[in-house]
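Below, each chain spelled out in residue letters.
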Amino acid sequence: MDLFSRSWTALRTAVAGLPDEDFARPSGCTGWLVRDLVCHLIIDAQDVLITLATPAEAEPTRDAVTYWNVEDRPPTGDDPLDALTVRLAAAYEEPWLLKFHLDDLGSAAGRAAGLADPALRVGTRDEVLTVADYLSVYVLEWTLHHFDLIAHLPDAVDPPAESLAGARELLEKIAGAAFPSSLSDKDALLIGTGRRAPTDEEKADLGELAAKVPLVLG
């Protein structure tokens, strides 16, 4: 719960501090500007609210590790849902409207997460998870999207250290192997998810794991 709150608060704070002109800059997500990514975060906040209000009686079918589908190729930006996000973002017209909507829904999602019973089972994407596992999923999601948000904003602040460590731990479980200690949490996440290519030295340090990355998470 604490890591969810820290990562989500840091990401929303980063968005709130962006000047208007940054919303038209590229993000780290293929085909998306910063404004498109912020619109996606609004949709994510809605998903959190919907899922936390969707209790399930069945046994969990996924956990924080098995929730993710590991794809064999990175997104191209041509997916219909990706294109819809771009159109929705453009409809906001003014950056302050995106900021307002994210703060409004995002604050509600944060409160709902803080009030939820970690052991409660909830349904999402036709699967059942505990609240604890579901929120752990979003620690990784928020942390990676924080990097996407600031990918072309050199003066922006990175995600908090606790979020980086928690996200790395989950990514290592998804990979089925630990990243070398020579890689910082930030570098492990960026290289592990294909957000940057490893140097020759880093590739050597990765060893057998080099053949598994990048992990394209969907």
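Located above this text is the structure these notes cover.
Conventions used here
Residues numbered from 1 in each chain as written. Predicted model: local features only at pLDDT ≥ 70, side-chain atom pairs only at ≥ 80, totals over all residues. Heavy atoms only, no water. Phe/Tyr/Trp six-rings, centres within 6.5 Å; stacked < 30°, edge-to-face > 60°. Helix = DSSP H or I, 4+ residues; strand = E, 2+ residues; numbered from the N terminus. Buried < 20%, exposed > 50% of the residue type's maximum accessible area, 1.4 Å probe, protein only. Lys NZ or Arg CZ within 6 Å of the ring centre and 35° of its normal. Axes fitted to C-alpha atoms, helices over the stretch in contact; angles between N-to-C directions. Parallel < 35°, antiparallel > 145°, perpendicular 65-115°, else oblique. Contact = heavy atoms within 4.5 Å. Core = buried A, V, L, I, M, F, W, Y, C linked by side-chain atoms within 4.5 Å. Pairing = 2+ DSSP bridges. Polar contact = N/O pair within 3.5 Å; in protein donor to acceptor, adjacent residues only side chain to side chain.

Further remarks concern the packing of aromatic side chains. Within this structure, the stated rule accounts for 5 aromatic pairs. Relative to Trp142, the ring of Trp8 lies with its centre 3.8 Å away and its plane at 15°, an arrangement referred to as stacked. Of this pair, Trp8 sits in helix H1 (residues 2-16) while Trp142 sits in helix H5 (residues 131-149); the two residues are 134 residues apart in sequence, bridging distant segments of the chain. For Trp8, a relative accessible area of 1% corresponds to the buried category. When its relative accessible area of 0% is taken as the criterion, Trp142 is described as buried. Connected via pairs of aromatic rings, a cluster forms that spans Phe4, Trp8, Tyr134, Tyr138 and Trp142. Directly above the ring of Tyr67 sits Arg125, whose terminal nitrogen or CZ lies 4.1 Å from the centroid.

Between helix H2 (residues 34-52) and H5, whose axes approach to 11 Å, the crossing angle comes to 175°. Considered as vectors, H2 and H5 are oriented roughly antiparallel to each other. Contact with H2, carried on its side by Val34, Leu37, Val38, His40, Leu41, Asp44, Ala45, Asp47, Val48, Thr51 and Leu52, involves Val131, Tyr134, Tyr138, Glu141, Trp142, His145, Asp148 and Leu149 of H5 and no other residues of that element.

Further remarks concern the nonpolar core. Ranked by size, the top nonpolar core spans 60 residues in total, and within it Phe4 and Leu149 carry the most contacts. Of all elements in the fold, only H1, H2, helix H3 (80-92), helix H4 (95-115), H5, helix H6 (161-175) and helix H7 (185-192) reach the threshold of two or more residues within this core. Broken down by element, this core gets its largest block of residues, 11 residues, from H5. Excluding residues that lie within four positions of it along the chain, Phe4 makes contacts with Val48, Ala109, Gly110, Ala113, Leu135, Tyr138, Val139 and Trp142.

So, on to the environment of Asp200. Along the chain, Asp200 falls in helix H8 (residues 200-206). In this structure the C-alpha to C-alpha distance between Asp200 and Arg121, which are 79 residues apart in sequence, comes to 44 Å.

Locating Glu172 in the fold gives a position in helix H6. Residue classification places Glu172 among the buried residues on the basis of a relative accessible area of 18%. Beyond its immediate sequence surroundings of up to four residues, Glu172 is in contact with Ala177, Ala178 and Phe179.

Pairing analysis gives 4 bridges linking strand S2 (residues 121-124) to strand S3 (residues 127-130), with the strands arranged antiparallel. Paired with Arg121 across the strands is Thr130, a residue of S3. Linkage of S2 to S3, two consecutive antiparallel strands, is achieved through a turn of 2 residues, within which Arg125 is found at a positive phi near 55°.

Next up on the list: the environment of Trp68. Among the secondary structure elements, Trp68 is positioned in the loop between H2 and strand S1 (70-71). According to the relative accessible area criterion, Trp68 is buried, its value standing at 9%. Taking C-alpha positions, Trp68 is 10 Å from Glu141, a pair spaced 73 residues apart along the chain. Apart from residues no more than four positions distant in its own chain, Trp68 is found in contact with Val137, Leu140, Glu141, Leu170, Ile174, Leu217 and Gly218. At 3.3 Å, the side chain of Trp68 and the backbone oxygen of Ala64 are in polar contact.

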